[in-house]
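Descriptive structure summary
Read off the chains here:
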Amino acid sequence: MVSGVERPVGATYRLQLGPDFTFDDAARRVPYLADLGVTHLYLSPVLEAVRGSLHGYDVTDPTTVRAELGGRRGLERLADSAHVDGLGLVIDIVPNHLGVGRPEQNPWWWDVLTHGRKSPFAHYFDIEWDPRNGAGGKLALPVLASEEDVAAITVDRSGPEPLLRYHDRTFPVGRDVGGLDAERVHYAQPYRLVPWTSPVRSYRRFFTVDDLAAVRVEDPEVFAATHAEIGSWFADGIADGLRVDHPDGLADPVGYLRMLRELTGPSAWIVIEKILEADEPLEPELPVAGTTGYDALREIGHALLDPSGETGLSALHERWTGNDGAIRWDSAETLRLRDELAAADLRPEFLRLARAIRRDTATRVPVDDLADAALVWMNEIPYYRDDYPVLAERADAARQRALRTASLADADPGLRHALEAVAAARDLGGEPARRFAQLTGALTAKSLEDTAYYRSARLVSLQEVGGAPSDFGPTDPHPALARRAADRPAAMTTLSTHDTKRGEDVRARIGVLSQCPWDWAVTVDRCLPRLPSPPDPMTGLFLLQNALGVWPESGIVSDELRARLHAYAEKSLREGRVGTSWTSPDGAFEAAGHAFLDSLFDGPASTAMTELVGELAPHGRSDALAQKLLQLAGPGVPDVYQGTERWEDSLVDPDNRRPVDWSAADGGHPKQHLVRTTLRLRRERPASFIGGSYRPLLADGPAADHLLGFLRGPLDRTPDVAALATRWSLRLERAGGWRDTWLDLSNGSWTDRLTGHVITGRTALRELFLEHPVALLVRE
């Protein structure tokens, strides 16, 4: 199927595919999504994955479209359905790793386990076959419960080929030494089953996930094999764009993306899941439209927070927990987390890096010292990786800080020699330089997003992927939005993804606490003494604030919501690793967290929560509409995560992958009305948005700071769209409303597409926002 029709990407709608929501199910939603106003369906990964996978990031065969979704023919049917209604497809791809948790489902991995280094696929994976890899030069598979559990390995000769079995796990027998002695058969294989607690991993993983093995897509042969199917989507007119998962994990992100661009052609829309720090620029050499939008999420979210609330929220956190709750990448707490990760979860990666440094530099510094020196350097780097050309000056500054640390008079001389060896290895630009950069990202993500963000409860709406939770500003988003309009006008923007810690409307309600820290303090002081002791004070405050984000205004907590909050509590407690963890769960600690929640649901504290939610919920909805309008009408290509065109109360995955209630579509729903109206306007006037102009729109009067507005329009022409949003609505209400605050729209007649009202010239904001806290004006 070849389509010669070009479909520029103007707005996307993310669909989470799986066994219960297939290509054909998605095709049935095309008319609704076309009516909503998007230009493209944005699909979660579609290549063959572990059977039953609900997300698809554990790809097992990159050469085949997933059978559970409908296979290649199902994908073609979906593309045809989309094209009939003028829509296109954007597809999520996963170049960094493959799923190996079920080896029998991954043909390449199975072959490597069977034949070892002689497998034609051995070089496809990032495997260390060196005899010093801790597994005698074999491929270490961390699956055993303990060293003693090797006795549970058995040989199964009931089928056409012998197999090794360990409980429900299956492994091939490549070299059969005969007999039923499982220990001898196991020892004869190119792989070795080791305890999952072992520091030995002879293959690079995705972060710390043993079931995801890294792939060497920097090798042209491997790239060709893993991307042949992807390339056919563009050759055959199926796809118009790609979302690239975690490019920072690759050996050479710039080189990879150049190969991808050559494969897909110059017109393909490509965005990358690149987490940028607040002061970090995107590498201009990357042949992509931009990121997947966590930077936009951060900028819009910060713009709606009241910075005056920081002091009160910090004081409350310190009173209950002993610290102010501010999370910084270089704080003592975060650095301790990085030390713990380097010593345990990420130790295999640090040791492999150290072995590569030792080999390439011929240094005699011990491997453990080299690993520790690499950590010292990484602790000076606030970014996922610092080897992009645009970061050269900042990377050199981090290097100098690390070397100065090692040069202090009282520093261990061994550290100084080790750091010099690390620096020499990075300068060589070979394997150690690549591994250093890949490991920096894993260390940053695991220490901040996956751990520290579960260890603070000052304002959890800030504790988001790509977030800056120590910062309650800037309150002026216009410089950042103007830069996006000028530099990356086709970058994706987002408010919710499958990876966000809380859904956009949950964050919006929690963010209102920045306007009323005293009210929150009173509620906390009413609730916590009436509840059983939480596992620790921070955990109690954390669970309480997250519960506030989803608490029903009626105060009646349904069985479904109870179950969801209990599941969330288990995940958050284990991710935070304060008194329990995924690897060492503590039943008593977790039981205390669950008892805390049960008492909150049913005890006297629920009254205090319901009273506060009753006051905050309308302002949470106001902020939810405000951030949605700022995203949809602002610079970039907005993505609507499935179901977020209506109110939603999702927490972290898997909660945010719950099935969408498509029957709930309602044209009268205020958020859905805003989404449909704005997306349709984008489709009607595309030149006013992607590539269009951007200009702040300011009010005058006593409540001028409560307006966030901007003008859009075609370049070099008079702006024809104005997006206006209310912020700090609770403070505004308590101060008496808009009062004598005005907006001058200059000459011309403007129509609010949300209400149909016509506005001309100087207009009172109290009249403009009479029906909604937002307005979308069009010069007719």
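Values in this document were obtained by computation on a predicted structure and should not be read as measured data.

1. A word on the nonpolar core
Among the nonpolar cores identified, the biggest contains 88 residues, and Leu33, Leu43, Trp109, Phe125, Leu139 and Trp233 are the most heavily contacted of them. Residues from two domains meet in this core; each of domain 1 (12-94 + 218-292) and domain 2 (103-214) gives at least three. Discounting chain neighbours no more than four positions away, the residues touching Leu43 are Arg14, Leu15, Leu17, Phe23, Leu75, Leu78, Leu89, Val90, Ile91 and Asp92. Counting residues in hydrophobic clusters, the runner-up holds 48 residues, among them Cys516, Leu548, Ala608 and Leu616.

2. As for the packing of aromatic side chains
Applying the stated criterion to the full structure yields 17 aromatic pairs. Taking 5.6 Å as the distance between ring centres and 15 degrees as the angle between the ring planes, the aromatic pair formed by Trp108 and Phe121 counts as stacked. Linking Trp108 in helix H4 (residues 107-115) with Phe121 in the loop between H4 and strand E7 (139-144), this pair joins segments that are 13 residues apart in sequence. For Trp108, a relative accessible area of 9% translates into the label buried. Measuring from ring centre to ring centre gives 6.0 Å for Phe171 and Tyr191, while their planes differ by 40 degrees; the resulting arrangement is tilted. Residue Phe171 is found in strand E10 (residues 169-172), and its partner Tyr191 is found in strand E11 (residues 191-195); the two are separated by 20 residues along the sequence. Residue class for Phe171 comes out buried when judged on its relative accessible area of 1%. Residue classification places Tyr191 among the buried positions, given a relative accessible area of 1%. Put simply, the rings of Tyr13, Phe21, Tyr32 and Trp662 pair up and form one aromatic cluster.

3. A few points about helix H16 (residues 478-487)
Of all the positions in H16, only His478, Ala480, Leu481, Arg484 and Ala485 are classed as buried. An end-on view of H16 places all buried positions within 165 degrees of arc, on one side of the element. Projecting away from the buried face of H16 at angles above 90 degrees are the exposed residues Ala486 and Asp487.

4. Quick look at the pairing of strand E2 (residues 40-43)
Here E2 shows no split at all, with His40 and Tyr42 on one side and Leu41 and Leu43 on the other all buried. In this structure, E2 lies alongside strand E5 (residues 88-93), joined through 4 bridges in parallel fashion. Opposite Leu41, over in E5, you have Leu89 as the bridge partner.

5. Quick notes on the sheet that holds strand E19 (residues 693-697)
Reading across from one edge, E19-E20-E21-E24-E22-E23 is the order of the 6 strands in this open sheet, with antiparallel pairing throughout. Single-partner strands in this sheet number two, and they are E19 and strand E23 (758-764). Averaged over all pairs of adjacent strands, the angle between their axes in this sheet comes to 25 degrees, without regard to strand direction. Inspection of the sheet shows strand E22 (residues 742-752) paired to strand E24 (residues 774-779) by 3 bridges, in the antiparallel sense. Residue pairing in the sheet places Asp752 in a bridge with Leu777 of E24. Its contacts with the sheet place helix H22 (residues 605-633) against strand E20 (707-713), strand E21 (721-726) and E24, and it is angled at close to 155 degrees to E21.

6. Things to note about the pattern of salt bridges
In total, this model carries 73 salt bridges according to the counting rule given. Between Arg435 and Glu431 there is a salt bridge; the shortest N-O distance is 2.6 Å. Here Arg435 pairs with Glu431, and both are found in helix H15 (residues 431-447), just 4 residues apart, close to one helical turn. What makes Arg435 buried here is its relative accessible area of 11%. One salt-bridge network, in which partners are shared between bridges, spans Asp126, Arg204, Arg352, Arg359, Asp360, Glu431 and Arg435.

7. Section: the domain arrangement of the protein chain
With domains assigned, the protein chain is organised as domain 1 (12-94 + 218-292), domain 2 (103-214) and domain 3 (332-454). Averaged C-alpha coordinates put domain 1 and domain 3 at centres separated by 33 Å. Between domain 1 and domain 3, the contact holds 18 residues from the first and 12 residues from the second. If you sort the residues of domain 1 by the area they bury against domain 3, Asp248, Ala251 and Glu283 come out on top, with a joint share of 32%.

8. As for the environment of Glu590
Here Glu590 lies in helix H21 (residues 587-602). The class of Glu590 is buried, set by a relative accessible area of 7%. Residues Glu590 and Glu340 lie 250 residues apart in sequence; the distance between their C-alpha atoms is 22 Å. Contact partners of Glu590, with chain neighbours within four places excluded, come to Glu570, Leu573, Arg574, Thr580 and Pro585. There is a polar contact of 2.8 Å between the side chain of Glu590 and the side chain of Arg574.

9. Examining the side chain of Asp450
On the secondary structure map, Asp450 appears in the loop between H15 and H16. Relative accessible area serves as the criterion here: at 16%, Asp450 is assigned to the buried category. There is a polar contact of 3.4 Å between the side chain of Asp450 and the side chain of Lys446. Apart from the residues within four sequence positions on either side, Asp450 is in contact with Ala445, Lys501 and Glu575.

10. So, the sheet that holds strand E9 (residues 163-166)
Across the sheet, which stays open at both edges, the 3 strands sit in the order E8-E9-E10 with antiparallel pairing between neighbours. Looking along the sheet, the strands with just one partner apiece sit at the ends: strand E8 (153-156) and E10. For this sheet the average axis-to-axis angle between neighbouring strands, irrespective of direction, equals 30 degrees. Where E9 lies against E10, 4 bridges are found, and the strand directions are antiparallel. Its bridge partner being in E10, Leu164 is matched across the sheet by Phe171. Helix-sheet contacts for H4 involve E9 and E10, and the interaxial angle to E10 is about 60 degrees.

11. Structural notes on the environment of Ala182
Here Ala182 is to be found in helix H5 (residues 182-187). Given a relative accessible area of 13%, Ala182 falls into the buried group. For the pair formed by Ala182 and Val46, sequence separation is 136 residues and the distance between their alpha carbons is 38 Å. Apart from residues lying up to four places away in sequence, Ala182 is in contact with Ile153, Thr154, Val155 and Leu164.

12. Side note on the pairing of strand E13 (residues 209-214)
With 3 bridges connecting them, strand E6 (residues 97-99) and E13 associate as antiparallel partners. In the strand pairing of E13, Gly99 is matched with Leu212. In terms of strand pairing, strand E12 (residues 205-206) meets E13 through 2 bridges, oriented antiparallel. Among the inter-strand pairings, Phe206 is bridged to a residue of E13, identified as Val209. Between E12 and E13, which pair antiparallel and follow one another directly, the connecting turn spans 2 residues, one of which, Phe207, has a positive phi of 50 degrees.

13. Observations concerning the state of the cysteines
One pass over the full model with this rule turns up 0 disulfides. Just so you know, Cys516 is unpaired, no disulfide at all, and the nearest cysteine sulfur is the one on Cys527, 14 Å from it.

14. Structural notes on the side chain of Glu280
Summarising the element assignment, Glu280 is placed in the loop between strand E15 (269-272) and strand E16 (290-291). Residue classification places Glu280 among the buried positions, given a relative accessible area of 7%. Separated by 3.5 Å, the side chains of Glu280 and Lys274 make a polar contact. Only 3.0 Å separates the side chain of Glu280 from the backbone nitrogen of Glu277, close enough to count as a polar contact. The residues touching Glu280, leaving out its near neighbours within four places in the chain, are Lys274, Ile275, Tyr383, Leu391 and Arg394.

About the thresholds
- Residues numbered from 1 in each chain as written.
- Predicted model: local features only at pLDDT ≥ 70, side-chain atom pairs only at ≥ 80, totals over all residues.
- Heavy atoms only, no water.
- Core = buried A, V, L, I, M, F, W, Y, C linked by side-chain atoms within 4.5 Å.
- Buried < 20%, exposed > 50% of the residue type's maximum accessible area, 1.4 Å probe, protein only.
- Domains from an automatic or database assignment.
- Contact = heavy atoms within 4.5 Å.
- Phe/Tyr/Trp six-rings, centres within 6.5 Å; stacked < 30°, edge-to-face > 60°.
- Helix = DSSP H or I, 4+ residues; strand = E, 2+ residues; numbered from the N terminus.
- Arc of directions from axis to C-beta.
- Pairing = 2+ DSSP bridges.
- Axes fitted to C-alpha atoms, helices over the stretch in contact; angles between N-to-C directions.
- Salt bridge = Lys/Arg side-chain N within 4 Å of Asp/Glu carboxyl O.
- Buried area = accessible area lost by both parts, 1.4 Å probe.
- Polar contact = N/O pair within 3.5 Å; in protein donor to acceptor, adjacent residues only side chain to side chain.
- Disulfide = S-S within 2.5 Å.

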